[in-house]
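# A structural walkthrough
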Amino acid sequence: MNVNRRMVGRALDVVYVLLLVLYAIAGYRDVPFHGDESTLIYMSGDYYHFVQRRDPEPLYYDSTPADPLDQHLRIVNGTVGKLAMGFGWDLAGFRYEDLNRPWLWGAGWEWNVTDGHMPEDRLLYAARLSSAVLLALSVLAVFGIGWLVGGGWIAAWAAALIYVTHPAVLLDGRRAMMEGSHLGFATLAVLVGLLLIHETGRSMARSVPRRWRENATLTALAAAFGIAGGLAVASKHTALMTLAALFGAAAVIPLIPWIPLARRNKKSDSHRPPVGTPFPTELERGNLARLVGAGILTLLVFFVLNPAWWSDPLHMPGRVLEQRRALLDGQVAGYGGYDGIGERLEGLVDFAFFADTQFYEAPGWSDPLRDQIAQYRATWWDGRGTGPIWGVALLALALVGLWDAVRRWREGVVLAALVWLGFTAVVLVIVTPLAWQRYYLPLVPPLAVFAGAGARWVVNKASPLR
């Protein structure tokens, strides 16, 4: 009977997640247009050189480039999303010659449309579908993270639902931009990283030589962590903060059972080593070696997917930082930025819980998008509501989940998730200079996970359901 019940439960999990995945993809044709979609579709032409012609040389960095704009776009933008878009329009029967020109901000909507900077609908939809599919990957990952951190199916179901109905996740993740691939692979990296931390902690708590199967499992998880991390950073450079949090957590958290403050000698703490257990030096060395290997693999995957780095890899990090800083400075100059740390904190909380969907950043886009926004909001695909009622409810669930997580901080995956959330929030406050909603999307997955954990706590307190 218990076996049958578990099988039914897993079947329901699969059906539920598939429904959420379909929901994430379903509205990709209906989301209002963004000028950056034109630019990313134009840059997906790199797929033609990199994949179709197998000649990446035109993509290399050049101190005297034939087209400075193209080179700038290759330096500041990720590559995974645009390669996926190229694959999408390739499958749809489009050719390199069919691609539009990049959107020219400041030239006006009508000029861009008449001068060939607006993609035709079929091309736009093919590119968006690739992004929406990668967004769907993040739904699967958040479900898995919610299960690990929240401790069961209630947390996983709630976390995935809260995440996939977030209006900004649906809007920007479906668009032909970098957000779909960024969310997909960043959350996948977190899921694999948490599994690695969990399995490493179990192995070290035994403090005995492991069988080859355990070594193989840990090695495979470390390799998967490295590959997912490389894909995440190659999707969007800001995924570095997610990787930094998880790599740091994976290196330190397995040591916590040997810290006196964290030690307990309760029989219920079967995952903790008993007091007096020798520190497993060899196992910790193995953990660090695997993390070094995962880090190298992350760099290799990123490097392979960035041909612009191949001709001058040592100087490219500085160029990326310099040009991204110049890009942000230009955005602040054109659209206005935060004035002090107080406004930055207010912006973080607002976009995390209360803000309405930001369909555009440039004020002049209100008229061209008015009909598109109205049509999108009339569908079922625009997600849940926004405003104070939804915001307070989600904030309350997240706070309950955080409170419960702090009580369970000795569990490796819980502590790692806390590090993930805290580090992401701090970095976003420091590096985000203006109130653009999509820049805060990395905060949505961890908040959804802790809100899911809060929902599980509430349900368990209110009923005997487990």
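The number of helices and strands found in the chain is 19 helices and zero strands. For a compact globule of 466 residues, the expected C-alpha radius of gyration is about 23 Å, and the chain comes in at 23 Å, within 12% of that figure. Along the longest, intermediate and shortest principal axes, the C-alpha atoms of the chain span 75 × 50 × 50 Å. A burial count over the chain gives 53% of its 466 residues as buried. When contacts within the chain are restricted to residue pairs at least 6 apart in sequence, those whose partners lie at least 24 apart make up 80%. If you average the places of the 41 positive and of the 38 negative side-chain charges in the chain, the two averages end up 16 Å apart.

With their axes 9 Å apart at the nearest point, helix α18 (residues 412-431) and helix α19 (residues 444-462) run at an angle of 135° to one another. By the angle between their axes, α18 is oblique relative to α19. Pair α18 / α19 crosses with left-handed handedness. Across the interface between the two elements, Ala417, Leu418, Trp420 and Leu421 from α18 touch Pro445, Pro446, Leu447, Val449 and Phe450 from α19. Looking at the contact of α18 with α19, its residues break down into nine nonpolar, no polar and no charged.

Taken together, Val15, Leu19 and Leu22 make up a surface patch of nonpolar side chains, about 300 Å² in accessible area. Checked against the element boundaries, leucine 22 lands in helix α1 (residues 2-26).

What follows covers the side chain of aspartate 382. Within the secondary structure layout, aspartate 382 lies in the loop between α16 (366-377) and α17 (388-407). This buried residue, aspartate 382, is left without a salt bridge; arginine 377 holds the nearest opposite charge, at 4.9 Å. Those residues in contact with aspartate 382, other than ones at most four positions away along the chain, are Tyr23, Pro167, Leu170, Tyr376 and Arg377.

What follows concerns the packing of aromatic side chains. Applying the stated criterion to the full structure yields 25 aromatic pairs. Arranged with centres 5.1 Å apart and planes meeting at 25°, the rings of phenylalanine 351 and tyrosine 440 form a pair that is stacked. Taken as a pair, phenylalanine 351 in helix α15 (residues 341-354) and tyrosine 440 in the loop between α18 and α19 lie far apart in primary sequence, 89 residues in all. Taken together, the aromatic side chains of Phe33, Trp103, Trp105, Trp109 and Trp365 make up a single cluster linked through ring pairs.

Another point: the nonpolar core. Ile41, Ile145, Tyr163, Leu194, Phe225, Leu246 and Leu443 are the most contacted members of the largest nonpolar core, which has 125 residues in total. Per element, the largest residue contribution to this core is 14 residues, and it comes from helix α7 (residues 121-150). Aside from chain neighbours lying at most four places away, what touches phenylalanine 225 is Ala189, Val192, Gly193, Leu196, Leu243, Leu246, Phe247, Ala294 and Thr298.

This part is about the pattern of salt bridges. Per the counting criterion, the structure on display carries 15 salt bridges. Linking glutamate 179 and lysine 236 is a salt bridge whose minimum nitrogen-to-oxygen distance equals 2.5 Å. Of this pair, glutamate 179 sits in helix α10 (residues 179-206) while lysine 236 sits in the loop between α11 (212-235) and α12 (240-252); the two residues are 57 residues apart in sequence, bridging distant segments of the chain. Across the pair, lysine 236 and glutamate 179 agree in class, each one buried. The residue aspartate 404 makes a salt bridge to arginine 408 at a minimum N-O spacing of 3.2 Å. Each member of the pair aspartate 404 and arginine 408 is classed as buried. One connected set of salt bridges, linked through shared partners, spans Asp404, Arg407, Arg408 and Glu411.

Conventions used here
Residues numbered from 1 in each chain as written. Predicted model: local features only at pLDDT ≥ 70, side-chain atom pairs only at ≥ 80, totals over all residues. Heavy atoms only, no water. Helix = DSSP H or I, 4+ residues; strand = E, 2+ residues; numbered from the N terminus. Rg over C-alpha atoms; globule rule 2.2 N^0.38 Å. Buried < 20%, exposed > 50% of the residue type's maximum accessible area, 1.4 Å probe, protein only. Contact = heavy atoms within 4.5 Å. Lys, Arg positive; Asp, Glu negative; His and termini not counted. Charge placed at Lys NZ, Arg CZ, Asp CG, Glu CD. Axes fitted to C-alpha atoms, helices over the stretch in contact; angles between N-to-C directions. Parallel < 35°, antiparallel > 145°, perpendicular 65-115°, else oblique. Left-handed = near helix turned anticlockwise from the far one by under 90°. Nonpolar A, V, L, I, M, F, W, Y, C, P; charged D, E, K, R; others polar. Patch = residues over 30% accessible without salt bridge, like charges linked within 9 Å, V, L, I, M, F, W, Y side chains within 5 Å. Areas by Shrake-Rupley, 256 points an atom, 1.4 Å probe, with all protein chains shown as cover. Salt bridge = Lys/Arg side-chain N within 4 Å of Asp/Glu carboxyl O. Phe/Tyr/Trp six-rings, centres within 6.5 Å; stacked < 30°, edge-to-face > 60°. Core = buried A, V, L, I, M, F, W, Y, C linked by side-chain atoms within 4.5 Å.

Read these as layout, nothing more, since geometry by itself doesn't imply function.
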